[in-house]
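# Structural overview
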Amino acid sequence: MKSHPNRRQFITGAAALGAAAMVPGARADHHGETSGKVELPKLTHTVFFWLKNPDSQEDRDKLIEGLQTLRQIETVRGLHIGVPASTEKREVVDNSYQVSELMLFDSVEDQDAYQVDPIHKKFVDEYAHLWRKVVVYDSLSV
């Protein structure tokens, strides 16, 4: 009898594949394991933004423009900027935010350096007026 991966295995594998796609030179097999010389970053920094004017396309685009500048920070290994997907509405899905970012770092120290980097500080200074709420989830790979 052929075994099928459970949901947790699927989600873990999909996350690893997605993270690998963000890192130049990284490769992942169908089990989510990396191969080659590049390892996946150890820390993910996920941020959700709720805009003061949630229906403003202009404000959303300005925030995205500002987030793009964070790619210049040396310790950022990968950056994905997104907006809510029009996926199935379920109780566990929160798509009330307007913009999200997912950053990859090699270590907690690299993420700490990002927080005090002048480019990040400039981003906060120039774009904080656009959002009313920010939620951050940081996690280490296990």
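This structure is a prediction, so every number in the text was calculated from the model and none was measured.

So, about the overall build of the protein chain. On a plain count of helices and strands, the protein chain comes out with four helices and six strands. Reading the protein chain from its N end, one meets helices and strands in the order α-β-β-β-α-β-β-α-α-β. Here the contacts in the protein chain between residues at least 6 apart in sequence split such that 69% fall between residues at least 24 apart. Counting every atom, the protein chain has about 9600 Å² of accessible surface; 52% of that belongs to carbon and sulfur.

Let us look at helix α4 (residues 118–127). Along α4, the residues that are buried comprise His120, Phe123 and Tyr127. On an axial view of α4, the arc spanned by its buried residues comes to 60 degrees, and they lie on one face. Residues of α4 that are exposed and angled more than 90 degrees away from the buried face: Pro118 and Asp125. Contacts from the buried residues of α4 go to β3 (43–51), α2 (57–68), α3 (108–116) and β6 (131–140).

Right, let's get into the pairing of β3. In terms of burial, β3 is a largely internal element, eight of the nine residues being buried. Looking at chain direction, β3 and strand β5 (residues 99–105) are connected through seven bridges and run antiparallel. Directly across from Val47, in β5, lies its bridge partner Glu101. Pairing analysis gives nine bridges linking β3 to β6, with the strands arranged antiparallel. Each bridged residue has a counterpart across the sheet, and for Trp50 the counterpart in β6 is Lys133.

This next bit is on the packing of aromatic side chains. Centre-to-centre distance and the angle between the planes together describe a pair of aromatic rings. For the structure on display, the rule yields seven aromatic pairs. Seen in terms of ring centroids, Phe49 and Trp131 are 5.1 Å apart; in terms of plane orientation they differ by 50 degrees. Their pairing is tilted. One end of the pair, Phe49, is in strand β3; the other, Trp131, is in strand β6, with 82 residues separating them in the sequence. Accessibility classification places Phe49 together with Trp131 in one group, the buried group. An angle of 80 degrees between the planes, with centres 6.4 Å apart, marks the rings of Trp50 and Tyr97 as edge-to-face. Residue Trp50 is located in strand β3, and its partner Tyr97 is located in the loop between β4 (78–82) and β5; the two are separated by 47 residues in the primary sequence. On the accessibility criterion, Trp50 (7% relative accessible area) is buried. Pairwise contacts between aromatic rings join Phe48, Trp50, Tyr97 and Tyr137 into one cluster. The side chain of Lys133 reaches across the aromatic face of Trp50, ending 4.4 Å from its centre.

In this section: the nonpolar core. Residues Phe49, Leu63, Leu67, Leu70 and Phe123 are the most contacted members of the largest nonpolar core, which totals 20 residues. Of the residues forming this core, the biggest block, four residues, is contributed by β3. Apart from residues lying up to four places away in sequence, Phe49 is in contact with Leu63, Leu67, Tyr97, Gln98, Val99, Glu101, Phe123, Trp131, Lys133 and Val134.

Right, let's talk about the confidence of the model for the protein chain for a bit. With 73% of its residues at a pLDDT of 70 or more, the protein chain shows a mean pLDDT of 82. Contacts from residues 1–17, a stretch scored under 50 in pLDDT, to residues over four places away or in other chains number six contacts. Across residues 25–31, confidence stays below pLDDT 50; counting only partners more than four residues off in sequence or on other chains, it has 13 contacts.

Rules behind the numbers
Residues numbered from 1 in each chain as written. Predicted model: local features only at pLDDT ≥ 70, side-chain atom pairs only at ≥ 80, totals over all residues. Heavy atoms only, no water. Helix = DSSP H or I, 4+ residues; strand = E, 2+ residues; numbered from the N terminus. Contact = heavy atoms within 4.5 Å. Areas by Shrake-Rupley, 256 points an atom, 1.4 Å probe, with all protein chains shown as cover. Buried < 20%, exposed > 50% of the residue type's maximum accessible area, 1.4 Å probe, protein only. Arc of directions from axis to C-beta. Pairing = 2+ DSSP bridges. Phe/Tyr/Trp six-rings, centres within 6.5 Å; stacked < 30°, edge-to-face > 60°. Lys NZ or Arg CZ within 6 Å of the ring centre and 35° of its normal. Core = buried A, V, L, I, M, F, W, Y, C linked by side-chain atoms within 4.5 Å. pLDDT = per-residue confidence, 0-100.

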